[in-house]
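# Secondary and tertiary structure notes
Letter by letter, the chains look like this.
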Amino acid sequence: MQPVVQFRNVNKYYGSSVAVDNLDLSIEPGQFVTLLGPSGCGKSTTLRMLGGFETPTSGEIYLDGKEISRLPPNKRNVNIVFQDYALFPHLSVRRNVAFGLELKGLASETIHKRTMELLSLVRLQEFADRMPAQLSGGQRQRVALMRALAPNPNVLLLDEPLSALDAKLRQQMQVELKSIQQTTGKTFIFVTHDQEEALTMSDVIVVMNSGRIEQMGDPHTLYSRPRSRFVANFIGESNFIEGTLKGTKGGLAAIEWNGSIVHAGLNGHDLQIGSRVAVALRPEAVSVFASKPVEKLAFEGRITQRLFKGDHTSLTIELPNGQAIVAQLDPVALSQITDDRVWIGWREEDAVALAD
Amino acid sequence: MRHYFSDAPKTALQASYWVFVIYLLLPLTLMMAMSFKDANFIAFPIGDWTLGWYAKVVQDKQFLEASGYSIFIALMTTIFATIMGVWIALLISAEGIWGRAAIFAFACLPAVVPGLINAISMRIFIRVLDIPTGTGAIILGHTVHAVPFVVIMVLTRLRSMPNNLIDAARDLGADSFIAFIRITIPFLAPALVGGMIFCVLTSIDDFVRTFFLGGYQPTLPMLIFAKVQGGMSPEINAMATLVLIVTAAVGLYAEHFTRRSRT
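Just so we're clear, the structure is a prediction, and the values are computed from it rather than from any experiment.

Moving on: the overall build of chain A. On a plain count of helices and strands, chain A comes out with nine helices and 20 strands. Overall, chain A is about 75 × 45 × 35 Å in size when its C-alpha atoms are taken along their principal axes. Counting the 356 residues in chain A, one finds 40% classified as buried. Nonlocal contacts in chain A, meaning residues at least 24 apart in sequence, comprise 65% of its contacts between residues at least 6 apart.

Bringing the domain arrangement of chain A into the picture now. All names here are of chain A. Its domain assignment divides chain A into domain 1 (5–229) and domain 2 (237–355). Look at where the C-alpha atoms of domain 1 and domain 2 centre, and you get two points 39 Å apart. Each side of the interface is counted separately: domain 1 has four residues, and domain 2 has six residues. Tallied by class, the residues present in the side of domain 1 that touches domain 2 amount to one nonpolar, one polar and two charged.

Below, the discussion takes up the interface of chain B and chain A. At the junction of the two partners, chain B supplies 14 residues and chain A supplies 17 residues. Looking at the side of chain B that touches chain A, the elements that each hand over two or more residues are α8 (164–171) and α9 (176–205) of chain B. In terms of residues, the side of chain B that touches chain A owes the most to one element, α8 of chain B, which gives six residues. Looking at the side of chain B that touches chain A residue by residue, the classes come out as eight nonpolar, two polar and four charged.

Turning our attention to the sheet that holds strand β1 (residues 5–14) of chain A. Whether parallel or antiparallel, the strands of a sheet pair through hydrogen bonds between backbone atoms. All names here are of chain A. Taken together, the four strands give an open sheet; going across it, the order is β2-β1-β4-β5, and neighbouring strands pair in antiparallel fashion. Strand pairing shows two members of the sheet lacking a second neighbour, β2 (17–27) and β5 (66–67), which therefore form its edges. With two bridges connecting them, strand β4 (residues 58–63) and β5 associate as antiparallel partners. Bridged to L63 within β5 is K66.

On to the confidence of the model for chain A. Looking at chain A, the pLDDT average stands at 90 and 100% of residues meet or exceed 70. Of all secondary-structure elements in chain A, the lowest mean pLDDT belongs to helix α9 (residues 331–336) of chain A, at 86, while strand β3 (residues 32–36) of chain A reaches the highest, 95.

With that settled, the discussion passes to the environment of G211 of chain A. Within the secondary structure, G211 of chain A sits in the loop between β9 (204–209) and β10 (212–217). In contact with G211 of chain A, other than residues within four places in its own chain, are V18, A19, V20, D21, C41 and G42 of chain A.

What follows is about unusual backbone geometry. Residue and element names in this part refer to chain A. Of note, D64 is a non-glycine position whose phi angle comes to about 50°, a positive value. Checked against the element boundaries, D64 lands in the loop between β4 and β5. Within the chain, R123 stands out as a residue other than glycine whose phi angle is a positive 55°. Within the secondary structure, R123 sits in the loop between α3 (108–121) and α4 (137–149). R123 gets classed as exposed once you count the C-beta atoms within 10 Å, which come to 11.

This brings us to the sheet that holds strand β15 (residues 287–289) of chain A. Residue and element names in this part refer to chain A. With antiparallel pairing, five strands are arranged side by side in an open sheet as β15-β19-β16-β17-β18. Each having just a single partner strand, β15 and β18 (324–329) make up the two edges of the open sheet. Averaged over all neighbouring strand pairs, the angle between strand axes comes to 45°, with direction disregarded. Of the strand pairs in this sheet, strand β16 (residues 299–308) and strand β17 (residues 313–318) are connected by six bridges, and their pairing is antiparallel. Within the sheet, the bridge partner assigned to R306 lies in β17 and is L315.

A word on helix α6 (residues 115–128) of chain B. All names here are of chain B. Its 14 residues give α6 an end-to-end C-alpha distance of 20 Å, which sits within 8% of 20 Å, the value for a rise of 1.5 Å per residue. Of all the residues in α6, the buried ones are N118, A119 and M122. Within α6, the buried residues cover an arc of 95° as seen down the axis, which keeps them to one side. Facing away from the buried surface of α6 by more than 90 degrees, the exposed residues are L116, I117, I124, R127 and V128. Buried residues belonging to α6 abut α5 (100–112), α7 (135–159) and α10 (208–213).

A separate point is the environment of A19 of chain A. Residues and elements named next belong to chain A. Among the secondary structure elements, A19 is positioned in strand β2. Assessed through the 22 C-beta atoms surrounding it within 10 Å, A19 is described here as buried. Residues A19 and I337, spaced 318 residues apart in sequence, show a C-alpha to C-alpha distance of 49 Å.

Take the nonpolar core next. Counting residues in each nonpolar core, the largest one holds 142 residues, and the members touching the most others are L157, I189, V206, V207 and V279 of chain A together with V150 and V154 of chain B. For this core, the two domains that each supply at least three residues are domain 1 (5–229) and domain 2 (237–355) of chain A. Residues in contact with I189 of chain A, not counting those within four places in the same chain, are I27, V33, L35, L47, L50, V155, L157 and L158 of chain A.

Residues and elements named next belong to chain B. The contact between helix α4 (residues 61–93) and α5 brings their axes to 9 Å, and the two run at 155°. Judged by the angle between their axes, α4 and α5 are roughly antiparallel. Once α4 is placed against α5, the crossing between them reads as left-handed. Judged by residue contacts, I88, L91 and I92 of α4 engage R100, I103, F104 and A107 from α5. Each residue belonging to the contact of α4 with α5 can be placed in one class, and the counts come to six nonpolar, no polar and one charged.

So, how was this worked out
- Residues numbered from 1 in each chain as written.
- Chains lettered and ligands numbered in written order.
- Predicted model: local features only at pLDDT ≥ 70, side-chain atom pairs only at ≥ 80, totals over all residues.
- Helix = DSSP H or I, 4+ residues; strand = E, 2+ residues; numbered from the N terminus.
- Buried ≥ 20, exposed ≤ 12 C-beta atoms within 10 Å, placed from the backbone.
- Contact = placed C-beta atoms within 7 Å.
- Domains from an automatic or database assignment.
- Nonpolar A, V, L, I, M, F, W, Y, C, P; charged D, E, K, R; others polar.
- Pairing = 2+ DSSP bridges.
- pLDDT = per-residue confidence, 0-100.
- Axes fitted to C-alpha atoms, helices over the stretch in contact; angles between N-to-C directions.
- Expected span 1.5 Å × (residues − 1).
- Arc of directions from axis to C-beta.
- Core = buried A, V, L, I, M, F, W, Y, C linked by C-beta atoms within 7 Å.
- Parallel < 35°, antiparallel > 145°, perpendicular 65-115°, else oblique.
- Left-handed = near helix turned anticlockwise from the far one by under 90°.

Okay, structure coming up:
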């Protein structure tokens, strides 16, 4: 299938600082793609280049196979939802949504019909004649979304559109965005720094750091098989233990750590025997035992902190070597732990070996 | 009593405010009262009341012509000053323009240069360029004076405009001209209306520039000035009262309009 969006060797410099560094990215049609990364990682610049608000310093951008790198925003069949919505304050909700359709020169009945259809999609028909200032944050968000969808773009760009909403509303909007994406079948490219948002909505997540792609894949792969320490740390939480790689066998790495050999998934990585490696371990993959288990490898430690999080409790366990490991326990598992002296262990396949 | 003493500064402030208001309004009230007096001289007491002076004024061809001329000059001034003012404000707010502070300072200079100096220099200027005194020269002089007010009002409004409104319009298919007409201008509307009314009022009110740049046809202030030189009469009071009421109404409307749009 031909990719709907393609970046080829795209660079963007601001003076001497690099915003986007030799970006190669292909996006398949109909997917919900998230560009995820910390602020300043180049995700917004990438989106703005696709929208036509920034011009690449070098490289090409293709939309449906056509080069668009230097076209102005009004000549591209993409539309954007801005972080602060950018609704036109002097136009009613209806006129805001109709704006792009009016510029296409459509007949007024067609415009009216399509506008009301779109507004009913987000249950805002009754608000058609209100002004943006009379709407709540969530309603404005939905108007901005429909305004961007109205001209029927190939690709919809969303620049951190949920960041101004409170937590509850943000979760509702995540579900709503995802369902609108599925009903319309359009390609959504969503920019966020919120990893939870990315995991919830995306078909594909592109993790960016310092203008480069760190890893790209579906949420599950990214979470369970991070390819770098940055990804393991940015998506979800991870414990890292550092040791020396002693050998590899059948997809597993044997690492010397804390006087024992621990095993971790190699994940297809080409790691040098004898080199320093890090093992990433998710808090929920750490098992905590009240007594030393018989046949499993386990390490003794002391609980130094308990953080109650509602549906789970987060324990910080300090090992004799000074390393702190965070474990996440559900109430049933927690009820077994009565003493601060515990043993921790994990399944080999839940640990991921990474270059340090 | 203690309470009263502790509020002494406040009481003094309030009292001086009311003194100021009386000082401001009393002459205007006197002027208006005299315009209803049925006698040829201005003095108390007002024995008989009349609307005769008003009837005389609205039938006075000279007065009507001067009013029309003043309004014509004010409208022309407003058109030119608004176009220039908006253009300068856009120039100053644009990114990557060199010397923005200098452009702003030069645009605002006419607002602080004393009217007389301004008028004399303009008079010399038009003579050098061989521009005749009269309508064109007056409009030129008034426009220069009005531009700074438009620039300041439009610039203030422009600075409160979210950056990405234009981006959003461009994204939805507008070229930069359509985005300007359909987004920027409506956004600026309150400032434009305020600035335009200000232009009209300063132009109609202006005496010094008009005096130096004008030809034989008198504007309203010049006509009143000429009549005053021939001796005060209740007719002048009636004229002045009419001008006062019309300008106050326009000014209040402008204030109301800009205030409403700001919220």
